[in-house]
Amino acid sequence: MFEIRDERENVLDTRPTFAEAELRLEEICAEATEQAAASGEGTKDMTLSWTIYDTEAGALAGYMLLSPDDSGRPYVPISQTRPTRQEDLA
């Protein structure tokens, strides 16, 4: 079982596989981005963090840091982004 925890170690959700936990965490990030855009609060210095904890292994399985974008642009899941490579800039 995989738990999604916030920065205070509160369990937000549990999923049976890492892949499902990762998808749920992407949904949480999208929700945080939508809330930031809707509230109009300045989020420039805000960083949110979550972890995925493997309860069977008793270990951290993954983590996510997010600085919400309050510009109104939709959240782009990590699985849909590409790292910037020097070849891509040419």
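Refer to the structure presented above.
Residues numbered from 1 in each chain as written. Predicted model: local features only at pLDDT ≥ 70, side-chain atom pairs only at ≥ 80, totals over all residues. Heavy atoms only, no water.

Student: I'd like a rundown of the sheet that holds strand S4 (residues 59-66), residues and numbers included.
Tutor: Reading across the sheet, the four strands line up as S2-S1-S3-S4 and stay open at both edges, with antiparallel pairing between neighbours. A strand with exactly one partner marks an edge of an open sheet, and here the two such strands are strand S2 (11-15) and S4. Going across the sheet, the axis of each strand differs from the next one's by a mean of 20°, ignoring polarity. As judged from the five bridges shared by strand S1 (residues 2-6) and strand S3 (residues 48-54), these two strands associate in the antiparallel manner. Bridge pairing in S3 links Glu3 to Tyr53. (Pairing = 2+ DSSP bridges. Helix = DSSP H or I, 4+ residues; strand = E, 2+ residues; numbered from the N terminus. Axes fitted to C-alpha atoms, helices over the stretch in contact; angles between N-to-C directions.)

Student: How would you summarise the pattern of salt bridges if you had to cite specific residues and measurements?
Tutor: In the structure shown here, the tally under the stated rule is six salt bridges. With its nearest N and O atoms 2.7 Å apart, the salt bridge here joins Arg5 to Glu3. Arg24 is paired through a salt bridge with Glu27; the nearest N and O atoms lie 3.2 Å apart. Of the two residues, Arg24 and Glu27 are both situated in helix H1 (residues 18-39); the distance of three residues between them amounts to about one turn of the helix. Judged by its relative accessible area of 44%, Glu27 is partly exposed. A network of salt bridges, in which partner residues are shared, links Asp13, Arg15, Arg24, Glu27 and Glu31. (Salt bridge = Lys/Arg side-chain N within 4 Å of Asp/Glu carboxyl O. Buried < 20%, exposed > 50% of the residue type's maximum accessible area, 1.4 Å probe, protein only.)

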